[in-house]
Amino acid sequence: MQILRNEAYFLVYAAVTKYAAQRCIWTFYKVAMLKIKNINTYYGQAQALTNVSLHLSEGEIVTLIGANGAGKTTLLNSLSGIVPPQSGQIFFHDTPINNLAPHQIVRLGISQVAEGRQVFKPFSVDDNLELGAYLKQKFLSGKDKVKKNKEFVYDLFPILRERKKQLAGTLSGGEQQMLAIGRALMANPKLLLLDEPSMGLAPMVTQEIFRVIENFSREEKTTILLVEQNARAALKMAHRGYVLENGRMILEGMAAELLENKDVQRAYLGKDKKEIWER
Amino acid sequence: MDNFQQLIQYVLSGLSNGAIYALIGFGFAIIYNATGIINFAQGEFVMLGGMLTIFFLTVFHLPLVPAVLLAVMISTIVGVVFERLAIRPLRNAKPLRLIIITIGASILIRGIAMLVWGKDTHALPAFSSNEPILIAGATMLPQHLWIFGVTVLIIIISRIFFNYTMMGKAMRACAYNAQAAGLVGISVKSMTLISFVISAAIGSMAGIIIAPLTMTSYDVGIMLGLKGFCAVIIGGMSTGFGTVLGGLVLGLLEALGAGFISASYKDAIAFIILLLILFFRPEGLFSKKETERF
Ligand SMILES: Nc1ncnc2c1ncn2[C@@H]1O[C@H](COP(=O)(O)OP(=O)(O)O)[C@@H](O)[C@H]1O
Ligand SMILES: [Mg+2]
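Below is a summary of the structure that appears in this document. (Residues numbered from 1 in each chain as written. Chains lettered and ligands numbered in written order. Predicted model: local features only at pLDDT ≥ 70, side-chain atom pairs only at ≥ 80, totals over all residues. Heavy atoms only, no water.)

## A closer look at the interface of chain B and chain A
Now for step 1: Opposite the 18 residues of chain B that make contact, chain A presents 22 residues.
Now for step 2: Interface of chain B and chain A: buried area, both sides summed, is about 1,900 Å²; carbon and sulfur atoms make up 69% of it.
Now for step 3: Taken as a group, Met 166, Leu 183 and Val 184 of chain B account for 35% of the area that chain B buries against chain A, more than any other trio of residues on that side.
Now for step 4: Counting across the interface, chain B meets chain A through one salt bridge.
Now for step 5: Salt-bridge contacts for Lys 169 of chain B lead to Asp 127 of chain A; the nearest nitrogen and oxygen are separated by 2.8 Å.
Now for step 6: Taken together, the connections running from chain B to chain A amount to two residue pairs in polar contact (both at pLDDT 80 or more).
Now for step 7: Contributions of two or more residues to the side of chain B that touches chain A are made by helix H6 (166-176) and helix H7 (178-183) of chain B.
Now for step 8: Considering each element in turn, the side of chain B that touches chain A owes the most residues, six residues, to H6 of chain B.
Now for step 9: Looking at the side of chain B that touches chain A residue by residue, the classes come out as ten nonpolar, six polar and two charged. (Contact = heavy atoms within 4.5 Å. Buried area = accessible area lost by both parts, 1.4 Å probe. Salt bridge = Lys/Arg side-chain N within 4 Å of Asp/Glu carboxyl O. Polar contact = N/O pair within 3.5 Å; in protein donor to acceptor, adjacent residues only side chain to side chain. Helix = DSSP H or I, 4+ residues; strand = E, 2+ residues; numbered from the N terminus. Nonpolar A, V, L, I, M, F, W, Y, C, P; charged D, E, K, R; others polar.)

Right under this line is the structure:
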């Protein structure tokens, strides 16, 4: 009897302290959901990332900016298992993921919207979305979930509902980008990686897509890592930002700070100290 | 009238051979689309299908249906083992190296078959009666009907599989863009394995339905494999329907050439066509655009 009571006390004690500890951490700094520690990534002999570190907390929108060829796509590809880093570690919810294959990483809850959209052009819009939920289709119980997710995506991007039976290859660039994002959302990711969603799109379309992403992130509490060349729009939407240059992380800070940072302004926001008439 | 009857006869045998070439070509196309390699061991699945069926019929005295099922199953297992042992460990190797490995595997499988079954040719009894059927003066065997029926069935089933099931769509997605497929959670490795399973099953089925007409032996895989490869080159690697047409065209030309010119040119005709196509239209006669696969 005594033993049982002790056991019960202990369980309660453990639960309370664990809860308290979590609350504590939550209030002081949010738990990092993703930690990238000092990764080095190569293409053959050529080093594309050098000692890159980055972290994401739950619910954050973080943007990664940098010039063409800086290594932004490589960083995302290292994260999603396409180009695994040669050294360093990546933790997702404290699980090391740097040795996993892409489909295993998707299963853990990280979905990447690749650069250049990469929709399955010979497939209908509907099929593209269903393929996005491929991991859920394996179970019979998944069918309802897939249907629900599809409705969710069609509500997010109503134009896709109208084009549902059309082949993805016949969509406009903006629609393909929406489809690529929708396809990634079909897997219910906890972390969404977006690689230059604005590439090649008209400013109006970009704005529309950014608006949807922002709303979505707020409502669904999905963490987002946004890679952009359009640094101003990205920094306006994000909470924090990182700046990558020649495969190295050179700057990190709150988005508002980076927007004010002189170096960032000169290099990435197209602002310099010249007067307007001098340009 | 006599000539006309002969023509019908040639067309019939051309079409039935062509159907077999189409099925074998299918196997090539499925693996090619999933992995980018040309599996020159494809013909060995065809040989295994026929030889294993005869083996189960004569040694274990099984009825035809279980013998066929077992033969297809074992050929498929050979396909799986082949993928696991020879293809998967070298996933990152260049396609050319993998293609050479498939040639090696085909020699190995053929060698084992020769040790087990010897060099004799064997006959598989016809599935149903051997009573010829007269059509417009030409004779057709019931086995021809079996060949056409099974071929049509396999084509219909694979079209349903590739167009309406999730796994089939995933295989096509993987063929279209493996990286994007990985990013939606499709395991490229499993798709490769499944492509070997399907190719082995279809190939062995082709070997089984043709065996009653042509006899079979440990080395039929060489010629049949090459003919299937011709079919897929004529049709274009990327289109399932093109492969069927390619097989039929090859079978017809072969039969007509053998009938009206000389039977000794039968095999040469296939390779002349192959070379002409590779020279003048390497994408195949019937392939339209990138977008149509399987
Ligand atoms: N598949 C590849 N093979 C070899 N080098 C590559 C490959 N992809 C990118 N690189 C190189 O890696 C560097 C970073 O490229 P990338 O990550 O695409 O930059 P970003 O996305 O910032 O424009 C560049 O120097 C680029 O040339
Ligand atoms: Mg990039």
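## Observations concerning the environment of Lys 150 of chain A
Residues and elements named next belong to chain A.
Now for step 1: The topology assignment puts Lys 150 in helix H6 (residues 142-156).
Now for step 2: In this view, Lys 150 contacts Asp 126, Leu 129, Glu 130 and Met 186; residues no more than four positions away in its chain are not counted.
Now for step 3: One polar contact links Lys 150 to Glu 130, side chain to side chain, over a distance of 2.7 Å.

## Regarding the sheet that holds strand S4 (residues 87-92) of chain A
Residue and element names in this part refer to chain A.
Now for step 1: Taken in spatial order, the four strands of this open sheet run S2-S1-S4-S5, and their pairing is antiparallel. Two strands in the sheet have a free side with no partner beyond their single neighbour: strand S2 (46-57) and strand S5 (95-96).
Now for step 2: Bridging between S4 and S5 involves two bridges; their strand directions are antiparallel. The residue of S5 that forms the bridge with Phe 91 is Pro 96.
Now for step 3: Packed onto the sheet, helix H2 (residues 72-79) meets strand S1 (32-43), S2 and S4 and runs at close to 115° relative to S1. (Pairing = 2+ DSSP bridges. Axes fitted to C-alpha atoms, helices over the stretch in contact; angles between N-to-C directions.)

## Quick word on helix H4 (residues 125-132) of chain A
Now for step 1: Burial analysis of H4 of chain A places eight of its eight residues in the buried class, which makes it a mostly covered element.
Now for step 2: Of all the positions in H4 of chain A, only Val 125, Asp 126, Asp 127, Asn 128, Leu 129, Glu 130, Leu 131 and Gly 132 of chain A are classed as buried.
Now for step 3: Buried residues along H4 of chain A sit in contact with helix H5 (134-137), H6, helix H7 (158-162) and helix H8 (173-185) of chain A together with H6 of chain B. (Buried < 20%, exposed > 50% of the residue type's maximum accessible area, 1.4 Å probe, protein only.)

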